[in-house]
Amino acid sequence: MFADAEAYERFMGRWSSLLAPLLVDFADIRDAGRVLDVGSGTGALAFSIARMKTHCEVLGIDPSKEYVDYAAMRNPFPGRARFEIGDAQQLHFASASFENCLSLLVFNFIPDNRKALREVSRVTKPGGCLAAAVWDYGAGMRMLRIFWDAASAVDPSAAKADESRMPLCRAGELGELWRQGGLDRIEERPLEITMQFRSFADYWDPFLLGQGPAGAYLRSVDADRRRALRADVIRRLHLSSENTPFSLPARAWAVRGFVK
């Protein structure tokens, strides 16, 4: 479900690009030193850090070679940002290697997020900030909520794949993980954006690329069910025409804490 960097960029990259600056603002890191971007994907957060913190050096790690290569290829800050393959659950960096660490839309996908947080804390200097954000899949991320509500109505078995079942996507859950990880001065807050769509196709077509749980589900169903799902999504969006522009809000939960 995360195998095609260009497809992911069309599906979620534009959302990440809007959300990343809000996470950088929330983290409020000092404009100096090395910053680790955990799960850097196609580069949205690393690029926002480099753009907003002009004296920081950013290293993005991601387990996907394709994502790493894609981010490196489109990197507008080659002198201050770079990308490499890496696993947050087993970092190869020495302890206290980074001033701060940020992560965007990743921690809920890490199989052992507690181990990852321990590793990220280990490689961050005492007093450094650890900040992360994940979508509020239950209600706040309307693009996906509408999709999954329609999918469950058309196919009750789709509920098993609904991203609202994922960990860390509800209020307080990231903060609790940070508390269990022993971080200091923990703060959690919602980050909110609005995405503009030129038409229904602008919303729908990226789902057909097979990225993320929603795209993977859509590829798994037959043509009849896909057509029924498409029709129900249009109904839920209350569009007068498929060519009508519209917007959808999205909320992510963000947390920050400091290494003791």
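Structure's up top.
Per chain, the residues get numbers from 1 upward, laid out in the order the sequence is written. With the structure being a predicted model, the display of local features is reserved for residues of pLDDT at least 70 and the display and counting of side-chain atom pairs for 80 or more, all residues being used for whole-chain, interface and lining totals. Values reported for side chains reflect all heavy atoms of the structure, with hydrogen atoms and water molecules removed beforehand.

1. Some details on the overall build of the chain
Phase 1: Numbering of helices and strands runs from the N terminus; a helix is a DSSP stretch of H or I covering at least four residues, while a strand is a stretch of E covering at least two. Within the chain one finds 9 helices and 7 strands.
Phase 2: For the chain, the C-alpha radius of gyration of 18 Å lies close to 18 Å, the compact-globule estimate for 260 residues.
Phase 3: Between buried and exposed lies partly exposed: a residue is buried under 20% and exposed over 50% of the maximum accessible area for its type, with that area taken using a 1.4 Å probe on protein chains only. When burial is assessed residue by residue, the chain has 55% of its 260 residues classed as buried.
Phase 4: Whether two residues touch is decided by their heavy atoms; if any such pair falls within 4.5 Å, the residues are in contact. Put simply, 78% of the contacts in the chain that link residues at least 6 apart link residues at least 24 apart.
Phase 5: All accessible areas in this document rest on Shrake-Rupley with a 1.4 Å probe, and a residue is counted as covered only by the protein chains that are shown. Summed over all atoms, the accessible surface of the chain reaches about 11,300 Å², with 50% contributed by carbon and sulfur.
Phase 6: We count Lys and Arg on the positive side and Asp and Glu on the negative side, and we leave His and both chain ends out. Here the site of a charge means NZ on Lys, CZ on Arg, CG on Asp, or CD on Glu. Of the charged side chains in the chain, 34 are positive and 33 negative; the average position of the first set lies 1 Å away from that of the second. What the globule rule says is 2.2 Å times the number of residues to the power 0.38, and the radius of gyration is computed from C-alpha atoms.

2. Comments concerning the sheet that holds strand β7 (residues 246-258)
Phase 1: Here a strand pair is declared whenever DSSP counts at least two bridges between the two strands. One open sheet holds the 7 strands; their spatial order is β3-β2-β1-β4-β5-β7-β6, and the pairing between them is mixed. In this open sheet, the two strands that pair with only one neighbour each are β3 (81-85) and β6 (184-197). The average angle at which neighbouring strand axes cross in this sheet is 20°, direction not considered.
Phase 2: In terms of strand pairing, β6 meets β7 through 12 bridges, oriented antiparallel. Bridge pairing in β7 places Glu 192 opposite Arg 251.
Phase 3: Only C-alpha atoms enter the line fits that serve as axes; for helices the fit covers just the stretch in contact. Angles between N-to-C directions range over 0 to 180 degrees. Sheet strands in contact with helix α6 (residues 173-180) are β5 (129-135), β6 and β7, and its direction is about 15° off that of β7.

3. Considerations on the packing of aromatic side chains
Any two aromatic rings considered together are summarised by their centre-to-centre distance and by the angle between their planes.
Phase 1: Aromatic pairing here means that ring centres of Phe, Tyr or Trp (its six-membered ring) are within 6.5 Å. Orientation follows from the plane angle: under 30 degrees is stacked, over 60 is edge-to-face, and everything else is tilted. Counted under the stated rule, the structure contains 19 aromatic pairs.
Phase 2: Relative to Phe 207, the ring of Phe 11 lies with its centre 5.2 Å away and its plane at 70°, an arrangement referred to as edge-to-face. With Phe 11 in helix α1 (residues 5-27) and Phe 207 in the loop between α7 (200-204) and α8 (212-220), the pair connects residues that are 196 residues apart, well separated along the chain.
Phase 3: Note on Phe 11: relative accessible area 3%, which makes it buried.
Phase 4: On the basis of relative accessible area, Phe 207 is assigned to the buried category, the value being 0%.
Phase 5: Aromatic rings pair up to connect Phe 11, Trp 15, Trp 135, Phe 147, Trp 148, Phe 197, Phe 200, Tyr 203, Trp 204, Phe 207, Tyr 217 and Phe 246 into one cluster.

4. Quick word on helix α2 (residues 44-52)
Phase 1: Of all 9 residues in α2, 7 are buried; the element is thus mostly enclosed.
Phase 2: As for α2, its buried residues are in contact with α1, β1 (33-38), β2 (56-62), α3 (65-73), β3 and β4 (100-104).

5. Side note on the packing of α1 against α2
Phase 1: Interhelical geometry of α1 versus α2 gives an angle of 50° and a closest axis separation of 8 Å. By the angle between their axes, α1 is oblique relative to α2. Two packed elements cross with a definite hand, and for α1 against α2 that hand is right-handed. Taking contact as the criterion, the partners of Ser 16, Ser 17, Ala 20, Pro 21, Leu 23, Val 24 and Asp 25 in α1 are, on α2, Ala 44, Leu 45, Ser 48, Ile 49 and Met 52.
Phase 2: Three residue categories are used. Nonpolar comprises Ala, Val, Leu, Ile, Met, Phe, Trp, Tyr, Cys and Pro, charged comprises Asp, Glu, Lys and Arg, and polar comprises the others, including Gly. Residue composition of the contact of α1 with α2, by class: 8 nonpolar, 3 polar and 1 charged. In this scheme, roughly parallel covers angles under 35 degrees and roughly antiparallel covers those over 145, while 65 to 115 is roughly perpendicular and the rest are oblique. Handedness of a crossing is defined here by the sense of rotation of the near helix relative to the far one, left-handed for an anticlockwise turn of less than a right angle and right-handed for a clockwise turn.

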